Amino acid sequence: MPRAAGRATISDVARTARTGKTSVSRYLNGEQHLLSDALKQRIEQAIRQLDYRPSQMARSLKGGQTRLIGLIIADITNPYSVDVMRGIEAACRQHGLTLLVCNTNNEVNQEQHYLQLLSSYRVEGIVVNAVGMREEALSMLQQSQLPMVLIDRKIPDFACDMVGLNNHEAASQATSHLLQQGFEAILYLSEPVGAINTRQERLLAFRQTMAQHPHLAAEQAETPLNDGKKLEAVLHEFSARHRGMRKAVISANGALTLQVARAMRRLGILWGSDIGLLGFDELEWAELAGAGITTLKQPTYRIGYAALEQLVLRIQQGMDAPVNEQVFSGTLVVRGSTTR
């Protein structure tokens, strides 16, 4: 008799069908031609009676494929990461894959823990949104030998597929827009740039674009994301230094744009009339904030979908295939914060 409670096992099916587990396995694995009609009928009835569902994990491990894909996200509260994840999930469904999402919350211990965990689950590959990851975790990535695609970040001396925004083009487009709108002093605000290529590329494009207009004021400042006091001081000093000039701020990502908007409100600065404001990443509230905030919208869903497609291709081609980098253009969404 089958167990009274809990999920039915292949042994329960075998007992109910009055046969052995080998025959049930053959039935489940498509080898029914090896079984008699009467035995197939008994097994089918037992499966239906017990509501037996095979363990897909066990079957996948036996066949050498888990159909599992890992996703490591530095900060799942970031709207950018959420939209990227939606694209990855959609592509996983298209390919019949299951996604395991790991949010590291920008903590080194969590990054290392999830890398080890995904390896133990024998995922077939991983997608990594590594912008906030520390060097220790990145080193573990290099050593993991798993098929991998990075989202919008390159790792020095690590040949790996990458999908993301054309950062140089996007920052040039954003800066050029402000110049066309007649701004005379522009402050580029970012989190600490460090060795993160995404931040380096955007800052370089800003500097190169502004260098073509040497008579205008170009400034750059770095601030930790949650240091409101420092951010207020930077904005106050910038405003005071260029009193009487048409001024604007470029914020290097969506989370920082929100902090800039809050700091301006605390200082009594109106974006659009007092200081122009342009932020990377489209935010749901951007069109509702006062006159609306101009944004550089990234094709986040498309980036996520393309990253999973590239990972599938990497798994199929093997680790020796040439590294592929795929970048997408952003879209400038102009609102009142930067128009005359």
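Criteria and thresholds
- Residues numbered from 1 in each chain as written.
- Predicted model: local features only at pLDDT ≥ 70, side-chain atom pairs only at ≥ 80, totals over all residues.
- Heavy atoms only, no water.
- Helix = DSSP H or I, 4+ residues; strand = E, 2+ residues; numbered from the N terminus.
- Buried < 20%, exposed > 50% of the residue type's maximum accessible area, 1.4 Å probe, protein only.
- Polar contact = N/O pair within 3.5 Å; in protein donor to acceptor, adjacent residues only side chain to side chain.
- Contact = heavy atoms within 4.5 Å.
- Pairing = 2+ DSSP bridges.
- Axes fitted to C-alpha atoms, helices over the stretch in contact; angles between N-to-C directions.
- Core = buried A, V, L, I, M, F, W, Y, C linked by side-chain atoms within 4.5 Å.
- Phe/Tyr/Trp six-rings, centres within 6.5 Å; stacked < 30°, edge-to-face > 60°.
- Lys NZ or Arg CZ within 6 Å of the ring centre and 35° of its normal.
- Right-handed = clockwise from strand over helix to strand, strands pointing away.
- Parallel < 35°, antiparallel > 145°, perpendicular 65-115°, else oblique.
- Left-handed = near helix turned anticlockwise from the far one by under 90°.
- Nonpolar A, V, L, I, M, F, W, Y, C, P; charged D, E, K, R; others polar.
- Expected span 1.5 Å × (residues − 1).

- Identification of the chain as LacI family DNA-binding transcriptional regulator from Affinibrenneria salicis is taken from an unreviewed UniProt entry.

**Focus: the side chain of R335**
Part 1 of the argument: On the secondary structure map, R335 appears in the segment after β12 (331-333).
Part 2 of the argument: Here R335 falls in the buried class, since its relative accessible area comes to 14%.
Part 3 of the argument: Engagement of the side chain of R335 in a polar contact is seen with the backbone oxygen of I293, the distance being 2.9 Å.
Part 4 of the argument: When sequence neighbours within four positions are dropped, the list of residues in contact with R335 reads E282, A286, E287, A291, G292, I293, T294 and T295.

**Describing the sheet that holds strand β4 (residues 148-151)**
Part 1 of the argument: Spatially, the six strands line up as an open sheet ordered β2-β1-β3-β4-β5-β11, and their pairing is parallel. Two strands bound the open sheet, and with one partner strand each, they are β2 (98-103) and β11 (325-328). Between one strand axis and the next, the sheet turns by 15° as a mean value, whatever way the strands run.
Part 2 of the argument: As judged from the six bridges shared by strand β1 (residues 68-73) and β2, these two strands associate in the parallel manner. Each residue of the ladder has a partner; that of L71, found in β2, is V101.

**Notes on the nonpolar core**
Where a protein is soluble and globular, its nonpolar side chains tend to be buried together.
Part 1 of the argument: In this structure, L187, L189, L235, V249, V260 and M264 are the most contacted members of the largest nonpolar core, which totals 23 residues.
Part 2 of the argument: Elements that contribute at least two residues to this core include exactly β6 (185-190), β7 (217-222), α10 (228-241) and α11 (254-267).
Part 3 of the argument: A total of five residues in this core trace back to one element, the largest contributor, which is α11.
Part 4 of the argument: For M264, the residues in contact, after removing those within four places along its chain, are L235, V249, I269, W271, I275, G276 and L277.
Part 5 of the argument: Core analysis: the second largest hydrophobic core is formed by 22 residues, A91, L97, I303 and F328 among them.

**Digging into the packing of aromatic side chains**
Part 1 of the argument: In total, this model carries one aromatic pair according to the counting rule given.
Part 2 of the argument: When the ring centre of F183 is taken as reference, the NZ or CZ atom of R246 above it lies at 4.0 Å.

**Here's the deal with the pairing of strand β8 (residues 247-251)**
Part 1 of the argument: Counted residue by residue, β8 has five buried out of five residues, so it is predominantly covered.
Part 2 of the argument: The alternating pattern of β8 places K247, V249 and S251 and A248 and I250 on opposite faces, both of which are buried.
Part 3 of the argument: As paired strands, β6 and β8 are joined by five bridges and run parallel to one another. Within β8, the position partnered with I186 by the bridge is A248.
Part 4 of the argument: In terms of handedness, the path from β8 via α11 over to strand β9 (residues 276-280) forms a crossover that is right-handed.

**Some details on the packing of α10 against α11**
Between two packed helices, what matters for the description is the angle formed by their axes and the separation of those axes.
Part 1 of the argument: It is at 9 Å that the axes of α10 and α11 come closest, and there the two elements cross at 70°. In terms of their interaxial angle, α10 and α11 are classed as roughly perpendicular. Considering the relative orientation of α10 and α11, their crossing is right-handed. Side by side, α10 and α11 meet where G228, L231, E232, L235 and H236 of the first sit next to Q259, V260, A263, M264, R266 and L267 of the second.
Part 2 of the argument: Among the residues forming the contact of α10 with α11, the class breakdown is six nonpolar, three polar and two charged.

**Regarding unusual backbone geometry**
Part 1 of the argument: A positive phi angle is found at D51, which is not glycine, with a value near 55°.
Part 2 of the argument: Here D51 shows up in the loop between α3 (37-50) and α4 (56-63).
Part 3 of the argument: In the Ramachandran plot, D152 falls in the positive-phi region, its phi being about 55° despite a non-glycine side chain.
Part 4 of the argument: Looking at the element boundaries, D152 is found in the loop between β4 and β5 (161-165).
Part 5 of the argument: Judged by relative accessible area, which is 3%, D152 ranks as buried.

**Some remarks on helix α9 (residues 197-211)**
Part 1 of the argument: The first and last C-alpha atoms of α9 sit 21 Å apart over 15 residues, in line with the 21 Å expected at 1.5 Å per residue.
Part 2 of the argument: For α9, the set of buried residues is N197, T198, R199, R202, L203, A205, F206, T209 and M210.
Part 3 of the argument: On its buried face, α9 sits against β5, α8 (167-180), β6, β7, β8 and β9.

**Side note on the environment of L313**
Part 1 of the argument: Along the chain, the position of L313 falls in helix α12 (residues 300-317).
Part 2 of the argument: L313 sits 166 residues away from P147 along the chain, and the two C-alpha atoms are 9.6 Å apart.

**Some thoughts on α8**
Part 1 of the argument: Over its 14 residues, α8 runs 20 Å from end to end, which matches the ideal 20 Å to within 8%, given 1.5 Å per residue.
Part 2 of the argument: Every buried residue of α8 is listed here: N167, A170, A171, S172, A174, T175, H177, L178 and L179.
Part 3 of the argument: After α8 finishes, the residue G182 shows a positive phi value of roughly 85°.

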